[in-house]
Amino acid sequence: MAGYFTNILGGAKSLVVGLSITQRQFFKKPITLQYPWESLEMTPRYRGHIQLIKNAESGTHQCISCGMCEKSCPSDCITIKGEKQEGVKGKVLVKYELDFTKCSLCGQCIANCKPGAIEFSREYNLASTRKEDFHYDLLKRLKEQK
Amino acid sequence: MNKENVIQELQALAAEGMADQPEVASVAAVAGPAGEEEAKPQTAIPPEPRRNGVLEVDYAVRGVHVDVQIQGDQVVRAAQILDEAGMTLEAITGVDWINDQELEVVYDYSYTGGSCFRVVVRARISRHEPTIPTVSGVFPGANWHERETFDFFGIHFEGHPQLEYLLLPEDCDFHPLLKDFKGC
Amino acid sequence: MLTLSTQLNTYLFIGAMLFGFGVFGLVRRPSLIGMLIAAELVLCGASVNFMAFNRFLAPDPTVGQIITLFIMAIAAAEAAIVMSIIIAIYRNYKSIETEDLADLQG
Amino acid sequence: MDLGINVFEMVIYLVGFIAFAAANAAYLVWVERKGAAHIQRRTGPKEVGPYGLLQPLADGAKLMSKQFIIPAGVDRPLFILAPILTMVPAIMIFVTIPFSETILARDFNIGLLMILAFASVNVLALLMGGWASRNKYAVISAARVVSQNIAYEIPMLIIVITIVLISGSMNLTEIVAGQAGGILHWNLLPTNGNFLGPITFIIFFICSLAETNRAPFDLGEAESELIAGFHTEYSSMGFGLFFMGEYANIVIAAALTTILFLGGWYSPLPESIPYAGASSVVWFLVKMYLLIWLVVLIRWTYPRVTLWSLLNLSWKILIPFSLFNLLASAGLVKLLG
Amino acid sequence: MSSQPLSQNQERFELNLGPQHPATHGVLRVKLLMDGEYIVDAEPVLGYIHRMHELMGENRSWAQYLPNMGRLDYLSALSYNLGYVELVEKMAGIEVPERAEYIRVITTEMNRISSHLLWFGAFVLDLGGFTPLLYAFDDREQILDLLEAVTGSRLTYCYYLFGGCYNDVEDDFLSGCLAFVKRLRTRLPMYHNLVTKNVILRQRLEGVGPVSAEMCRKYGATGPVLRGSGINYDLRKNEPYSIYPELDFDVPVYPEGDSMARFMVRMDEMEQCLRIIEQAIAKIPEGPVMAEKVPKMIKPAAGDYYHAVEAARGTFAIRAVSDGANQAYRMKLRSPTFSNLSLFQEASRGMLLADGLAFMGSLDLVIPEIDR
Amino acid sequence: MNLSISPDIVPIFREGIFFGLLIVTVFGALLATLAKRMTRAILGLVVCFIGIAGLYFFLNSHFVALMQLLIYVGAVAITICFAIMLAQPDEMKMAAKTPALAGPFAILLGGAVTWVLASTAMKATWMAPALKVNEGTVKQVGASLLTTYSMVFELVSIVLLLAILGALVIARSGRDKIEC
């Protein structure tokens, strides 16, 4: 019988404690961020889709078209093409396409890139209703980048 | 749990199935680092299927302590031995050795009651008529693992209470992990 | 001016109709629940009569009300009992249609 | 009864109450969303209007513009009738609630009984809605709601009888009038002469939570078990009416608690204090909305009970306590004359 | 069911819980046979998001298979990453620098806390309490921010490489972790006050869904389910890997075997994770995070290899069969919840629907991992 | 309680409501007896109950009217609803398998009963009492319930108690523990 009453009292106490916690939280400030109006800064290591690194001096990329990224990609999202050109040592990159719809951002391409020509971009505001919008031409992108 | 006892019982069990083998295998061949024995570079698949028997393999490399290969119809008895020893059935899976025209059913056992002890039991069955008795009578948890193996390899577990597709759709007619599966 | 609401006959007629509907339903309905519903109608018909007499004729207007309250209590008890019987019968016979319950005849 | 009140006045009151019920339902949703958001450290609706104040209107417009889907195989008349049947009794009940000495539509002699009688229709509506939907979740939910409501009606009625015993009246206005003169005279407090006041209040509050199907007793629409319970199949205003009915019932429960225990429109301070001590409808609304806030807070704090612990609470704790309470109160009333 | 007399069968009805049901966390479907509110039989139906990860393992090189690990159990992706890279390192004999091991342990344990926090919130949500979910998300968000700063992603991490980690961590991360440890230490009592001590929650969990130790053994249940049944089995202790032997932590064990025990195991496990993180941060050495010589093409010796780690939900094991090529001949993924869920059918018989769902929640299901 | 009808109420309004109530009652009763589906019959019964409650209202006993709502609508109708849910989940299938003779016989019997009762009621001359002992208010009902009719009251409570116990016993007896 005593247990009956202590159970009720203990239970009631736990309920009151719970209420006081939520009521206290009610008076605290919201911690959410109102996204379209404010947004957090992306961390430097944020993994967006890959992009070619622009060399500040030469104004171009360092890709040697070795194809390691293409080969290491688990889901075949990278297509590159290099050409032999007159007067240039090695191959010259003429096409670097990324199919971001298949990319899983694993970083294998970057880890396997000998000259360190590619990096993750920090693009996260990506939205589209068409699949084709995520087929990136990274060379074009590099040129447009200022 | 007495590990030595378990190993001995398994050895006896494997020895029983030895009769079916063309030549007597070395029982309890303590294979040091198992890598040495099997590491034959460039050969895609070991040419000879392993013989039945119990191997104590290097845990640090292989991740298991005892490697047992037995006849297909002995898996239930193996399961009973390991069940009595208080071990848990961790997973069942298959391997398709298409070059030998054989399917291997692999049972991973572990011991949850104390110090780590892992036993792998394997049995090779014909690829053309893949049937093997179910261990779900001993370990009810084997039910799903066997169904999954049935999904992927088409191995029929005789006496299984509900051998239906588990992960694959119920109307599919292929077994994707067979090496001659060409996609659908 | 037709004042239906202040005439005893209106209520008595309604009571009689409800009673008649109840009897009709009791005979017609093949299932126990249908009969229960009809029985409730019979009780209501009686209650309406009581209330009407109570309002217009009784020297002590509490009597009719009290009797109606008693009828309600009986109706509630009846509903509870009938429901439990229906459930029990359904368990055993898988039917609550009176036809199928011939076994119950003593 | 005086049937001779002005018909026009009645119409005005009716329209007023429907508007009050609808506005309360709409803005209680806003309060609930905003309150829940702040409890959870979010901001809640804030886009439509300042502080999202116009959100209920947007929601209402959305609900009304949606198609009222009647799934194939439902029992059409019941399916359509059920949401209406939840709303109509709720509005009927508003007629009897005295918001202040002057703001009340009908001063019923047995107003308390009327509230209980009409409130019991709500259960039937939920049962019908669930049953007519021909959805297994809805049927389970309907069965739960009924067993829950029946179980909690008993302690609730016993508590109401206790209050009637203390007040000597079933007239809501008289019950409130009996609590005049500041907080010490409220039925809530033992100082009123009934030392069991707080227990009575707590039991009644729990029962009213259960009767309005609010968390933690919202077994009927337990979303993690039964999707949405009895209104799983409802869309558009069918759902809207169920929703409004739920909030109208919350308002009624809070108003009834205010009347029975918190001294209605009387100020908690003695009447001698100017302004603050004066009785007015403001006090009534303040008390009522504080209670509603408590209901909201409870919903966002506790997990849901199971059916058995719900019934156990009723049969093993509330009913014995309320019976004891009734006995003790009757004894007190007898003793004190 | 055929043995049932007809009269018993007719009162029962089938109820489909899922594949789109709020309490099944995704796309699990449970075929319930109900007798009123009671579950007579519950058969989980799997495979709604089956992706044939095992076949992918046979078509990709060892390195290319790495990102798949984060897609198994998306809530504790790093545990799975860890299991896989350790397996391949074992196969190929790659030594991992000590700093990398410490980073792995710190990040894995952070990930384990985030997984448990999400489970905590979702579990209470299953029971009808909404608010704790968002409090848990608040804390989890801190972890995700920290891990994002290191790994670059928030959920499906792919951070470990064979022979080390993708990149080194900064001191900011370590101090952030310490700050988080401090923060969670103050938050956990709040959770206990708000949730664990709540009488309603206790009534819903105590004695609900008892799973005996023997039943766990028969079904191969692991992780918190096993520890909630009174068996002290944690691979981090029983079969130590990485640097766990150097760290001092306890394995919470509750003998009751009910949902409350599983709940408490996970709650206590979070505290132990905090201890591990603290110690690891105190001990972390300087040095490289990547092994010197990692072959570009990994071609392990032929044979089969087994490796098991303690993921947030139990034993995650991989059996890889190599034929000496750059890709696996056979890749078997043994996921913990697959086995844990398989006991649901037997254990849930005769339960109330609500209790069944509480029990299911206490098993902590992640469906992509079950379906693989 | 003012029993007199106030002059300023529009009598037509009042009579209109009353007539509506009559129609509702009869319609409900018809639905309750004729509807093929049991749920409709229940709906009819509820409608009929509400109508009757209205009639009681017009008979100046609000207490009984509200009790009618509380007990019949709130309890009896729900009980019957439950009985249907439990015993006839498959009601679509349930065609009215009325025996061939039952229909005409029922109409005959029901009609006869109605006719006899109604005609007796109409023909008889009822005499209003010379004076009323009391007004029939709730207070007076309560008072006589606990004085004059206290014995009946007790008996009814015993009946109710027995009914509840009996219902529990009967309904429980068939139910075994869940077997799996």
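Keep in mind it's a predicted model, so treat the numbers as computed, not measured.

Got a minute to help me understand the overall build of chain F in this structure?
A tally of helices and strands in chain F yields six helices and zero strands. Moving toward the C terminus, one meets the helices and strands of chain F in the order α-α-α-α-α-α. When each of the 180 residues of chain F is scored for burial, the buried share is 42%. Long-range contacts, defined as pairs at least 24 residues apart, comprise 50% of the intrachain contacts of chain F with a sequence gap of at least 6. Element-wise, carbon and sulfur atoms account for 75% of the exposed surface of chain F, whose accessible area totals about 9,500 Å².

Help me understand the overall build of chain E in this model?
Helix and strand counts for chain E stand at 16 helices and eight strands. Here chain E has a C-alpha radius of gyration of 21 Å; the compact-globule value for 372 residues is 21 Å, and the two agree. Projected onto the principal axes, the alpha-carbon positions of chain E cover approximately 70 × 50 × 35 Å. Out of the 372 residues in chain E, the part that is buried amounts to 72%. Accessible area for chain E stands at about 10,300 Å²; split by element, carbon and sulfur atoms hold 52% of it. On chain E, the mean spot of the 38 positive side-chain charges and the mean spot of the 48 negative ones are 2 Å from each other.

For this particular structure, what's the right way to read the side chain of N326 of chain E?
Residue and element names in this part refer to chain E. Structurally, N326 can be placed in the loop between strand 7 (314–322) and strand 8 (328–334). In this structure N326 comes out as buried when scored by relative accessible area, which is 18%. When near neighbours in sequence (up to four residues on either side) are disregarded, N326 contacts R60, S61, W62, M297, I298 and K299.

Just to check I follow, could you spell out the packing of helix 1 (residues 3–16) of chain B against helix 4 (residues 75–84) of chain B for this structure?
Helix-helix packing is described using two parameters, namely the angle between the two axes and the distance between the axes. All names here are of chain B. Look at helix 1 against helix 4: their axes get within 10 Å of each other, and the N-to-C directions meet at 170°. In terms of orientation, helix 1 lies roughly antiparallel with respect to helix 4. Here helix 1 contributes V6, E9, L10, L13 and E16 to the contact with helix 4, which in turn contributes R77, A78, I81 and L82.

In this structure, what is going on with the arrangement of the chains? I would like to understand it.
Interchain contacts are distributed over eight pairs of chains, and the most extensive set of them lies between chains C and F. Contact between chain C and chain D is absent, and the minimum C-alpha spacing across the pair is 13 Å.

Help me understand the interface of chain C and chain F, please; the structure alone is not making it clear to me.
Size of an interface, as often reported, equals the accessible area lost when the parts are brought together. If you look at the interface, chain C gives 76 residues, while chain F gives 90 residues. Linking chain C with chain F are zero salt bridges, by the criterion used here. Across the contact surface, chain C and chain F share one residue pair in polar contact (both at pLDDT 80 or more). Of all the secondary structure elements, the ones that give two or more residues to the side of chain C that touches chain F are helix 1 (8–28), helix 2 (32–56) and helix 3 (62–93) of chain C.

Looking at this structure, how should I read the sheet that holds strand 1 (residues 53–56) of chain B?
Adjacent strands of a sheet pair through backbone hydrogen bonds, lying either parallel or antiparallel. All names here are of chain B. A sheet is described by the order of its strands in space; here five strands give the open sequence 1-2-5-4-3, paired in mixed fashion. The outermost strands of the open sheet, each flanked by one partner alone, are strand 1 and strand 3 (87–97). Shown here is a sheet whose adjacent strand axes are inclined to one another by a mean of 20°, direction ignored. Inspection of the sheet shows strand 4 (residues 102–111) paired to strand 5 (residues 118–126) by nine bridges, in the antiparallel sense.

Hey, could you run me through unusual backbone geometry in this one?
Backbone geometry follows two general trends: most residues other than glycine have a negative phi, and most peptide bonds adopt the trans configuration. Phi at D76 of chain A takes a positive value of approximately 50°, unusual for a residue other than glycine. Along the chain, D76 of chain A falls in the loop between helix 2 (68–72) and strand 2 (78–84). Assessed through its relative accessible area of 55%, D76 of chain A is described here as exposed. Unusually for a residue other than glycine, S236 of chain D sits at a positive phi of about 50°.

Is there a simple way to think about helix 4 (residues 111–132) of chain D in this case?
In an α-helix, one turn spans 3.6 residues, which is why side chains three or four residues apart end up on the same side. Along its 22 residues, helix 4 of chain D runs 32 Å from first to last C-alpha, staying within 8% of the 32 Å computed at 1.5 Å per residue. Once helix 4 of chain D finishes, R134 of chain D follows within two positions and takes phi at roughly 55°, a positive value.

I would appreciate a short explanation of the environment of M56 of chain E in the present structure.
Residue and element names in this part refer to chain E. Within the secondary structure, M56 sits in helix 2 (residues 53–59). With twelve residues separating them along the chain, M56 and N68 place their C-alpha atoms 8.5 Å apart. Ignoring any residue separated from it by four or fewer positions in sequence, one finds M56 in contact with R51, Y65 and N68.

Explain the state of the cysteines here, please?
Covalently bonding the sulfur atom of one cysteine to the sulfur atom of another cysteine gives a disulfide. Throughout the structure, instances matching the rule amount to zero disulfides over all chains. Take C103 of chain A: it sits in no disulfide, and the sulfur closest to it among the cysteines is that of C77 of chain A, at 4.7 Å. Residue C48 of chain F stays outside any disulfide, its sulfur separated by 5.9 Å from that of C44 of chain C, the closest cysteine.

Is there a simple way to explain the sheet that holds strand 7 of chain E in this structure?
Residue and element names in this part refer to chain E. Ordered in space as 6-7-8, the three strands form an open sheet in which the pairing is antiparallel. Each having just a single partner strand, strand 6 (303–311) and strand 8 make up the two edges of the open sheet. Along the sheet, successive strands turn relative to each other by an average axial angle of 15°, direction set aside.

Help me understand the nonpolar core in this model?
Proteins that are soluble and globular tend to have nonpolar side chains buried together. One finds Y96 of chain A, Y107 of chain B together with F263 of chain E to be the most contacted residues of the largest nonpolar core, which totals 385 residues. If you tally residues by element for this core, the top one is helix 3 (residues 62–87) of chain F, at 19 residues. Once you skip the residues sitting within four places of it in the chain, Y107 of chain B turns out to touch V75, L89, A91, I92, V119, V120, V121, I132, P133, V135 and F157 of chain B.

I would appreciate a short explanation of the interface of chain E and chain B in the present structure.
Tallying the contact residues gives 44 residues for chain E and 53 residues for chain B. At the boundary of chain E with chain B, total buried surface from both sides reaches about 4,100 Å², with 54% on carbon and sulfur atoms. Linking chain E with chain B are eight salt bridges. Of the charged contacts, one joins R319 of chain E and D108 of chain B as a salt bridge, the two residues approaching to 2.5 Å between their closest N and O atoms. Applying the counting criterion to the chain E and chain B interface returns 21 residue pairs in polar contact (both at pLDDT 80 or more). The element that contributes the greatest number of residues to the side of chain E that touches chain B is strand 6 of chain E, accounting for five residues. Residue composition of the side of chain E that touches chain B, grouped by class: 20 nonpolar, nine polar and 15 charged.

What exactly am I supposed to notice about the packing of helix 6 (residues 131–151) of chain E against helix 7 (residues 171–196) of chain E here?
All names here are of chain E. Orientation of helix 6 relative to helix 7, taken along the N-to-C sense of each, is 170°, at an axis distance of 11 Å. Here helix 6 lies roughly antiparallel to helix 7, going by the angle between them. Taken together, the residues of helix 7 that come into contact with helix 6 (itself represented by P132, Y135, A136, D138, D139, Q142, I143, L146, L147 and V150) are F173, G176, C177, F180, R183, L184, R187, M190, Y191, L194 and V195. For the contact of helix 6 with helix 7, a count of residues per class yields 15 nonpolar, two polar and four charged.

Reading the values: rules and limits
- Residues numbered from 1 in each chain as written.
- Chains lettered and ligands numbered in written order.
- Predicted model: local features only at pLDDT ≥ 70, side-chain atom pairs only at ≥ 80, totals over all residues.
- Heavy atoms only, no water.
- Helix = DSSP H or I, 4+ residues; strand = E, 2+ residues; numbered from the N terminus.
- Buried < 20%, exposed > 50% of the residue type's maximum accessible area, 1.4 Å probe, protein only.
- Contact = heavy atoms within 4.5 Å.
- Areas by Shrake-Rupley, 256 points an atom, 1.4 Å probe, with all protein chains shown as cover.
- Rg over C-alpha atoms; globule rule 2.2 N^0.38 Å.
- Lys, Arg positive; Asp, Glu negative; His and termini not counted.
- Charge placed at Lys NZ, Arg CZ, Asp CG, Glu CD.
- Axes fitted to C-alpha atoms, helices over the stretch in contact; angles between N-to-C directions.
- Parallel < 35°, antiparallel > 145°, perpendicular 65-115°, else oblique.
- Salt bridge = Lys/Arg side-chain N within 4 Å of Asp/Glu carboxyl O.
- Polar contact = N/O pair within 3.5 Å; in protein donor to acceptor, adjacent residues only side chain to side chain.
- Pairing = 2+ DSSP bridges.
- Expected span 1.5 Å × (residues − 1).
- Disulfide = S-S within 2.5 Å.
- Core = buried A, V, L, I, M, F, W, Y, C linked by side-chain atoms within 4.5 Å.
- Buried area = accessible area lost by both parts, 1.4 Å probe.
- Nonpolar A, V, L, I, M, F, W, Y, C, P; charged D, E, K, R; others polar.

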